[in-house]
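# Descriptive structure summary
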Amino acid sequence: MTHASKVASKRLNQFLASAKPSATYKVIDRVAMRRAHGVNIISLSAGEPDFDTPVHVCEAGISAIRSGQTRYTQVAGLRALREAVAVKFERENGLKVDWHNTLVCNGGKQVIFNALAATLNQGDEVIVPAPYWVSYPEIVQLCGAQSVIISCGSDTGFKLTADALKAAITPRTRWLILNSPSNPTGAVYSRFELQALADVLLEHPQVLVLSDDIYEHLIFDDLEFFTIAQVEPRLCERVLTMNGVSKAYAMTGWRIGFGTGPAWLIEAMEKLQGQQTSGASTISQHAALAALTGPQDCIKQFRAAFQKRRDLVVKLLNEAPGLRCEVPQGAFYAFASCEGLIGKVSPAGTLLSTDEDVVNALLDETGVATVHGSAFGLAPYIRIAYALDDASLIKACEAIKQFCSSVR
Ligand SMILES: Cc1ncc(COP(=O)(O)O)c(C=O)c1O
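Let me sum up the structure you'll find in this document. On a predicted model such as this, the values are computed, not experimentally measured, just so you know.

### Some thoughts on the overall build of the chain
- A count of helical and extended segments in the chain gives 15 helices and 13 strands.
- Taking 2.2 N^0.38 as the reference for a compact globule, 408 residues should give roughly 22 Å; the C-alpha atoms of the chain span a radius of gyration of 21 Å, in line with that estimate.
- Here the C-alpha coordinates of the chain stretch approximately 60 × 50 × 50 Å along the principal axes.
- Residues counted as buried form 54% of the 408 residues belonging to the chain.

### Here we look at the sheet that holds strand 7 (residues 239–244)
- Taking strand neighbours across the sheet as the criterion, the seven strands line up as 2-8-7-6-5-3-4 in an open arrangement whose pairing is mixed. Two strands lie at the open edges of the sheet, namely strand 2 (102–105) and strand 4 (146–151), each paired on one side alone. Each neighbouring strand pair of the sheet contributes to a mean axis angle of 20 degrees, computed without reference to strand direction.
- Bridge count for strand 7 against strand 8 (residues 257–260) is four bridges, and the pairing is antiparallel. Bridging from a neighbouring strand, Asn-243 pairs with Phe-258 of strand 8.

### Comments concerning the pattern of salt bridges
- Under the defined criterion, the tally for this structure stands at 20 salt bridges.
- The partner of Lys-96 in a salt bridge is Glu-90, with the nearest N and O atoms 2.7 Å apart.
- A salt bridge links Asp-311 to Arg-310; the shortest N-O distance between them is 3.0 Å.
- Taking relative accessible area as the criterion, Asp-311 reaches 39% and is therefore assigned partly exposed.
- Here the residues in one salt-bridge network are Asp-50, Lys-308, Arg-309 and Asp-390, joined through shared partners.

### As for helix 6 (residues 108–119)
- Between its first and last C-alpha, helix 6 extends 17 Å over 12 residues, near the 16 Å set by a 1.5 Å rise per residue.
- Inspection of helix 6 places Gly-108, Gln-110, Val-111, Ile-112, Asn-114, Ala-115, Leu-116 and Thr-119 among the buried residues, and these make up the whole buried set.

### What about the nonpolar core?
- Core analysis: the biggest nonpolar cluster contains 133 residues, and Leu-116, Trp-175 and Leu-317 have the highest contact counts within it.
- Other than its neighbours up to four places away in sequence, Leu-317 contacts Leu-323, Cys-325, Ala-334, Ala-336, Ile-384, Cys-397 and Ile-400.

### Here we look at helix 3 (residues 23–36)
- The terminal C-alpha atoms of helix 3 lie 20 Å apart, and with 14 residues this matches the ideal 20 Å at 1.5 Å per residue to within 8%.
- Turning to helix 3, its buried residues are Ala-23, Thr-24, Val-27 and Val-31. For helix 3, the angular spread of the buried residues around the axis is 105 degrees, confining them to a single face. Looking at helix 3, the residues exposed on the side facing more than 90 degrees away from the buried face are Asp-29, Met-33 and Ala-36.
- Those residues of helix 3 that are buried lie in contact with strand 1 (42–43), strand 11 (368–369), strand 12 (371–372) and strand 13 (381–385).
- Immediately downstream of helix 3, the backbone of Gly-38 shows phi near 85 degrees, a positive value.

### Describing the packing of aromatic side chains
- On inspection of all chains with the given rule, the structure shows 13 aromatic pairs.
- Residues Phe-306 and Tyr-386 carry aromatic rings whose centres are separated by 6.4 Å and whose planes lie at 70 degrees to one another, so their mutual orientation is edge-to-face. Taken together, the positions of Phe-306 in helix 13 (residues 297–318) and Tyr-386 in the loop between strand 13 and helix 15 (390–406) put the pair 80 residues apart, joining distant regions of the chain.
- These aromatic residues form a ring-pair network of at least three members: Phe-51, Tyr-215, Phe-302, Phe-306, Phe-332, Tyr-333 and Tyr-386.
- Looking at Lys-159, its charged tip hangs above the ring of Tyr-189, at a distance of 6.0 Å from the centre.

### Quick look at the packing of helix 5 (residues 79–93) against helix 12 (residues 282–293)
- At their nearest, the axes of helix 5 and helix 12 sit 10 Å apart, and the two run at 30 degrees to each other. Here helix 5 is positioned roughly parallel relative to helix 12, judged by the angle of their axes. Handedness of the helix 5/helix 12 crossing: left-handed. Contacts between helix 5 and helix 12 involve Ala-80, Leu-81, Ala-84, Val-85, Lys-88 and Arg-91 from the former and Gln-285, Ala-288, Leu-289, Leu-292 and Thr-293 from the latter.
- Residues of the contact of helix 5 with helix 12, tallied by class, amount to seven nonpolar, two polar and two charged.

### Brief notes about the sheet that holds strand 10 (residues 333–337)
- The four strands lie next to each other as 9-10-13-12, forming an open sheet whose pairing is antiparallel. Edge positions in the sheet fall to strand 9 (324–325) and strand 12, since each has one partner strand and no second.
- The pairing of strand 9 with strand 10 spans two bridges and is classified as antiparallel. Across the sheet, residue Arg-324 finds its bridge partner in strand 10, namely Ser-337.

Rules used in this analysis
Residues numbered from 1 in each chain as written. Predicted model: local features only at pLDDT ≥ 70, side-chain atom pairs only at ≥ 80, totals over all residues. Heavy atoms only, no water. Helix = DSSP H or I, 4+ residues; strand = E, 2+ residues; numbered from the N terminus. Rg over C-alpha atoms; globule rule 2.2 N^0.38 Å. Buried < 20%, exposed > 50% of the residue type's maximum accessible area, 1.4 Å probe, protein only. Pairing = 2+ DSSP bridges. Axes fitted to C-alpha atoms, helices over the stretch in contact; angles between N-to-C directions. Salt bridge = Lys/Arg side-chain N within 4 Å of Asp/Glu carboxyl O. Expected span 1.5 Å × (residues − 1). Core = buried A, V, L, I, M, F, W, Y, C linked by side-chain atoms within 4.5 Å. Contact = heavy atoms within 4.5 Å. Arc of directions from axis to C-beta. Phe/Tyr/Trp six-rings, centres within 6.5 Å; stacked < 30°, edge-to-face > 60°. Lys NZ or Arg CZ within 6 Å of the ring centre and 35° of its normal. Parallel < 35°, antiparallel > 145°, perpendicular 65-115°, else oblique. Left-handed = near helix turned anticlockwise from the far one by under 90°. Nonpolar A, V, L, I, M, F, W, Y, C, P; charged D, E, K, R; others polar.

Below is the structure:
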């Protein structure tokens, strides 16, 4: 650490000073820098659909601007959107939701941040199954609490088991975070698996559950999606079910997420949001309303396209010597073990000691950007986001295969 950064860190909030910037944004920055220098990069690192936001949704945003819907809304969101959110939770998840118990935020990320910041105190523990979305432990850290990471390897399909959960709960446990389909593995919890976790949770009334369902609609092979509040209604009073329009409707830039949970929690999150952002963009809320209440065919189209790409990418990755990739059941990520490459030397002569070395060598030597598994709490893996057209995916996977074949 330089002298200047030591001084700066003393001026910062202690929790922020020790939080890490998002690993995925770091890769995105590295890609942008190389592209600015004219280097051709295929990025398999971005966590967003490559499709355009559906036209009718864009039109709703434009028409909100044209009709003067440009002022603040209520902090918790437009009533019409909160009602549509309540209907969505009932229609798609079988949850009985009063619109008063919903909250609209600036993206799914802010729903999570609000929930944790509204409830955590120093010394509290949050159970985070690994591999995890990079932001969970950092948000917990920003709130001054402690993440209790449970490693969930390929032997359990990268999923938390009831026994592992039972062993991790202490009197200080405040939250369990669940994410299905998962970023980074694409793992999907079955009704049976969620019920087993719920049975453990019923015995520990101090534990709240954050169910991050943002990839709900990106689920393959006709698998059925379940969320824990639906599977075990007796937990409803302590589950925050979170979702949003970012991934389902290709609306990452519109920044709209939403959640439902017990009234006391939603009120606390609203109070926090009122002093923080005053609510989400009015224009985006009108667009999100059109997404939730308009035609839903884009969901089917996106899902079919992602499933085709998944099959393509997993097949090609499994042809690369040193890589091994399970078939993900949802989201748009493949999480491939690169154990077979560790300890070897890349074509340009770099020793590959870690998965981060593999990712850096892939970027430098083939122009393909991926993210290392250690950033998500499980090594040695690489995460490949297949939110890209088929031709680019084939080109990128062939370059990875060529790299792996030339490793010595
Ligand atoms: C697992 C997970 N949860 C939440 C989010 C945040 O979604 P949003 O863009 O709506 O904030 C992401 C985004 O990448 C994610 O991968």
